[in-house]
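Given next are the chains, with one letter for each unit.
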Amino acid sequence: MSLFWIVIRQLAESEAMATSKKVITREEWEKKLNDVKIRKEDMNKLVMNFLVTEGYVEAAEKFRMESGTEPDIDLATITDRMAVKKAVQSGNVEDAIEKVNDLNPEILDTNPQLFFHLQQQRLIELIRNGKVEEALEFAQEELAPRGEENQSFLEELERTVALLAFEDVSNCPVGELLDISQRLKTASEVNAAILTSQSHEKDPKLPSLLKMLLWAQNQLDEKAAYPRITDIPTATLEDPAV
Amino acid sequence: MMTDTNGNSSSSNNHHHHNQQDLSLYFLELSRHGSSQGPCDMDEDEEAPTELNTINSSGGFLVVSQDKLSIKYTSVDLHGHDVGVIQANKPAPRKRLVYYFEIYVKDAGTKGHVAIGFTSKGFKMRRQPGWEPNSYGYHGDDGLLYRGPGKSETFGPTFTSGDTVGGGINYATQEFFFTKNAQVVGTVSKDLKGPLFPTLAVHSQNEEVHVNFGQKPFAFDLKEFEAQERMKQQLKIEEITLPANVSYGIVRSYLLHYGYEDTLNSFDMASRSTVPPVYIPQENGVDGQEITYALSHRKTLRQLIRNGEIDTAFNKLREWYPQIVEDNTSATCFLLHCQKFIELVRVGALEEAVKYGRIELATFFRLPSFEALVQDCVALLAYEQPQESSVGYLLQDSQREVVADTVNAMILSTNPNLKDSKNCLHSYLERLLRQLTACCLEKRSLSGDQGEAFQLQSALSGGKNC
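These figures come from a predicted structure and were not determined experimentally.

J.: I keep staring at the overall build of chain A and nothing clicks. Help me out?
T.: For chain A, the count of helices and strands is 12 helices and 2 strands. Scanning chain A from its N terminus toward the C terminus, one meets helices and strands in the order α-β-α-α-α-α-α-α-α-α-α-α-α-β. Residues classed as buried in chain A amount to 43% of the 242 residues present. Contacts in chain A between residues far apart in sequence, at least 24 positions, make up 53% of those at least 6 positions apart. For chain A, the exposed area adds up to about 12900 Å²; of that, 50% sits on carbon and sulfur atoms.

J.: Looking at this structure, how should I read the overall build of chain B?
T.: Within chain B one finds 15 helices and 13 strands. For chain B, with 466 residues in total, the buried portion stands at 53%. Counted over contacts in chain B with a minimum sequence separation of 6, partners at least 24 positions apart contribute 66%. Of the accessible surface of chain B, which amounts to about 20600 Å², a share of 49% is contributed by carbon and sulfur atoms.

J.: Quick question: what am I supposed to make of empty space enclosed by the protein here?
T.: It is the rolling of a water-molecule-sized probe over the atoms that shows where space remains empty. Residues and elements named next belong to chain B. In total, this model carries 3 cavities of 30 Å³ or more according to the counting rule given. In this structure, the second largest cavity spans a volume of roughly 60 Å³. The element that contributes the greatest number of residues to the lining of the second largest cavity is helix α2 (residues 24-31), accounting for 3 residues. For the lining of the second largest cavity, the class distribution of residues is 5 nonpolar, 1 polar and 4 charged.

J.: Where do I start with helix α5 (residues 261-273) of chain B in this structure?
T.: In an α-helix there are 3.6 residues to a turn, and that puts residues three or four apart on one side. Between the first and last C-alpha of α5(B) there are 19 Å, a value that for 13 residues agrees with the 18 Å anticipated at 1.5 Å per step. Taken together, the buried positions of α5(B) are B:Glu261, B:Thr263, B:Leu264, B:Ser266, B:Phe267, B:Asp268 and B:Ser271.

J.: Explain helix α14 (residues 428-446) of chain B here, please?
T.: Residue and element names in this part refer to chain B. The end-to-end C-alpha distance of α14, which contains 19 residues, comes to 27 Å, matching closely the 27 Å that a straight helix rising 1.5 Å per residue would cover. Among the 19 residues in α14, 16 count as buried, and that is most of the element. Backbone geometry just downstream of α14 places glycine 448 in the positive-phi region, at approximately 65 degrees.

J.: I'm lost on the interface of chain A and chain B in this one. Help?
T.: By a widespread convention, an interface's size corresponds to the accessible area lost as its parts come together. If you look at the interface, chain A gives 58 residues, while chain B gives 66 residues. The contact between chain A and chain B buries some 5800 Å² in all, and 71% of this surface belongs to carbon and sulfur atoms. Looking only at chain A, the three residues that lose the most surface to chain B are A:Glu66, A:Lys211 and A:Trp215, adding up to 13% of its buried area. Across the chain A-chain B interface, the total number found is 5 salt bridges. Its salt-bridge partner being B:Glu442, residue A:Lys32 comes within 3.0 Å of it at the nearest N-O pair. Scanning the region where chain A abuts chain B turns up 22 residue pairs in polar contact (both at pLDDT 80 or more). The set of elements that each furnish at least two residues to the side of chain A that touches chain B consists of α2 (26-35), α3 (40-53), α4 (57-67), α5 (75-89) and α12 (205-221) of chain A. A per-class count over the side of chain A that touches chain B returns 33 nonpolar, 9 polar and 16 charged.

J.: What should I look at first to understand the side chain of B:Thr179 in this one?
T.: Residue and element names in this part refer to chain B. Relative to the elements of secondary structure, threonine 179 occurs in strand β10 (residues 175-180). Overall, threonine 179 belongs to the buried group, its relative accessible area being 0%. A polar side-chain atom of threonine 179 sits 2.7 Å from a polar atom in the side chain of tyrosine 100. In this structure, threonine 179 is in contact with Tyr100, Tyr138, Thr164, Val165, Gly166, Val184, Val185 and Phe220, ignoring residues within four places of it in sequence.

J.: What should I look at first to understand the sheet that holds strand β3 (residues 84-87) of chain B in this one?
T.: Whether parallel or antiparallel, the strands of a sheet pair through hydrogen bonds between backbone atoms. All names here are of chain B. Strands sit in the order β3-β12-β5-β6-β7-β8 across an open sheet of 6 strands; the sheet is antiparallel. Taken across any chain shown, the strands that pair with only one partner, and hence form the sheet edges, are β3 and β8 (152-154). The sheet shows a mean angle of 20 degrees between the axes of neighbouring strands, direction not considered. Judged from the 6 bridges that link them, strand β5 (residues 115-120) and strand β12 (residues 196-202) form a sheet pairing that is antiparallel. Counted as the bridge partner of glycine 117 is threonine 199 from β12.

J.: Help me understand the confidence of the model for chain B in this model?
T.: Caution applies to low-pLDDT regions: their predicted coordinates should not be interpreted in detail. Residues and elements named next belong to chain B. For chain B, the mean per-residue pLDDT works out to 86, and 87% of the residues sit at or above 70. Every residue in residues 1-20 is under pLDDT 50, and counting partners more than four places away or in other chains gives 35 contacts. Confidence drops under a pLDDT of 50 for residues 283-290, and excluding neighbours within four residues, the segment shows 15 contacts in the predicted structure.

J.: How do you make sense of the sheet that holds strand β9 (residues 164-170) of chain B when you look at a structure like this?
T.: Residue and element names in this part refer to chain B. Here 7 strands make up an open sheet; going across it, the order is β1-β2-β13-β4-β9-β10-β11 and the pairing antiparallel. The open sheet is flanked by β1 (62-64) and β11 (183-189), the only strands paired with a single partner. Strand after strand, the sheet turns through a mean of 20 degrees between neighbouring axes, direction not considered. Here strand β2 (residues 70-73) runs beside strand β13 (residues 208-212); their pairing, made up of 3 bridges, is antiparallel. Bridge pairing in β13 links isoleucine 71 to valine 209. Strand contacts of helix α3 (residues 222-238): β4 (98-107), β9, β10 and β11, with the helix running at about 145 degrees to β4, the strand carrying the most contacts.

The rules behind these values
Sequence order sets the numbering: in each chain, residues are counted from 1 along the sequence as written. Lettering of chains starts at A and numbering of ligands starts at 1, both following the order in which they are written. In keeping with the model being predicted, local features are shown solely for residues with a pLDDT of at least 70 and side-chain atom pairs are shown and tallied solely at 80 or more, while totals for entire chains, interfaces and linings include all residues. Note: side-chain values were computed over all heavy atoms of the structure, leaving out hydrogens and water. Elements are defined by DSSP. Helices are runs of H or I of four residues or more, strands are runs of E of two residues or more, and each kind is numbered from the N terminus. Only protein chains enter the accessibility calculation, which uses a 1.4 Å probe; a residue whose area is less than 20% of its type maximum is buried, one above 50% is exposed, and one in between is partly exposed. It only takes one pair of heavy atoms within 4.5 Å for two residues to be counted as in contact. Note on areas: these come from Shrake-Rupley sampling with a 1.4 Å probe, and a residue is covered only by the protein chains present in the view. Cavities and pockets were defined on a 1 Å grid built over protein atoms only: a cavity is a set of grid points that admits a 1.4 Å probe from which the probe cannot escape, a pocket is an open set flanked by protein on both sides within 12 Å along at least five of seven lines, and lining residues are those with an atom within 4 Å of any such point. Grid points are joined across faces, edges and corners, and a volume is the space filled by probe spheres set on the points. Residue type decides the class: Asp, Glu, Lys and Arg count as charged, Ala, Val, Leu, Ile, Met, Phe, Trp, Tyr, Cys and Pro as nonpolar, and the leftover types, Gly among them, as polar. Multiply 1.5 Å by the residue count of a helix minus one, and that product is the helix's expected span. For any pair of parts, buried area is found by adding up, for both, the accessible area (1.4 Å probe) each one loses once the two are put together. Here, a salt bridge means any side-chain nitrogen of Lys or Arg that lies within 4 Å of a carboxyl oxygen of Asp or Glu. Polar contact is the term for a pair of N or O atoms within 3.5 Å; when the atoms are in protein, one must be able to donate a hydrogen and the other to accept it, and sequence-neighboring residues count only if both atoms are side-chain atoms. In short, DSSP must find at least two bridges between two strands for them to pair. Each axis is a line fitted through C-alpha atoms, taken for helices only over the stretch in contact, and angles between the N-to-C directions span 0 to 180 degrees. Within a predicted model, pLDDT stands for the predictor's per-residue confidence, ranging from 0 to 100.

Encoded structure:
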């Protein structure tokens, strides 16, 4: 054997040592997967938790009947919460504030940031509807005093008022405030605050578990080559890359 | 597990059809899970230290109390090889997030040479923890951390009479940590593998130390510490981004898979009216179609079985999918017969149950995979209050659910466009959860069995993580 090949072989060996990972074949891995017991009941709970947290009240009701799974929150409170969310999403911020206070006045009292964001959204809606005078009055009377208490509120306020400076908002650097996504952002903030006030987690558990799956796979990648699920939406098991 | 275990010659004739693979056998095994109380907690089989090991302690230099939970240095220290050192009776358990124990310094003696730490199995039992290789010790007289010959570093405050000091292993971060009077004083990276024993040492006259392996409440708030550690991990996990609406899609496919049609319709209706509408890329190809297959039939049969109307379910199956029930010895038919029997017991129609059992169940005795369930079913007759008995699980809703899931899977398997019949058994959600669990278990087993395993049940109750 020429020296060249000896060197190459040594290099290859040392590389293999450095990256020496356990290789788990598809067959071995499937055996391990089959040993895992997931209770149907627990999966049902996970699905119910998603429906309830995301506010699918009718689906949650149906799921209770079809699967016998009890929701972890009073379903009636979902309807109220969704009404608030919907009000923000369709731009009726005043209506939303009133509904939140009907639900539990402490939510806004104890959450100045949320209250500010709702008022900001109200201002945005006034500007969107071309009510310039009303918008200015509202900004000066309702929002400016809050800005004095909190630097970040002030910056937000200035950013929002900048919308008034542009006739064609499509040229405006803060134009995204008028975007539907801003309403959705505010709506989900209210939604989370209401859930927290009902001592319910503000996020469903399922996305966290899916993230944990990606995380766990990344961690295991360091130690082993095994069949992964890279495409979560189709839960497809891929052959290990060796 | 899914292969037919009845492959022996005596029964192979009867089982001709499904010898290659009767999918419903999978559910047969599931149906028996209820008999034990849920999946067993894999972490509870580990023994934790309960007392001091009086057998290998440094005899002569110290006295151990009767309850084996305190030590006292009774001789006069002359040199470095007459330390009164003692280990716990068991190594620190590893299949958890954190192990922790505490000592209380009753008396610091003449010099206050008290130490707490962790040592490996073959530790020299006349030396301070940290003086020898494979050991770590936090010493009271100087507050230093010792981790092997000649290796010590500034660590925490000194400790003496009246102080409570703790030592812990954080398996998530691979660190030791020590506490004094309920406050963490420092952490140090753990580069030891293998079992580690909680260890304490005294080394001057009249030094007396009590140990708490958890038999009493700790001074340190371990629960809070663990909660914070989990939170840190959770924050890292939350940084990962998921494809848009992926959870939505997983839930939807779950409802489709199990035939929860009414829920699905409400779910779809609601998501059409959300702003903005939830966009789900169409499930491409056959996999998506497989799953809408026979949806309303599957829903109807699930309802019937959940209501205990087994005869009607049987009739519908004979009408719609005769191939599923034509072999009366299949696991599907068996599960339905068992359920019919169970429903009769539930309503107290015991005579009828006996009659039904003789006709439909007796043939399944002595068939390896069927026998256990038949026996449990028949055992229901022995109790005046069967729901209280060891076979009471049969009367629970979950048993009906297993039978409904079996029928559902069997109907899915009749889909002519189906590529892999194993796809009928598990929803996407279940496949993902299995993968998650398997990854966590494998990772732990490749790290010397250290750390917490993932358990869906505890994740649901808001506690533990991977």
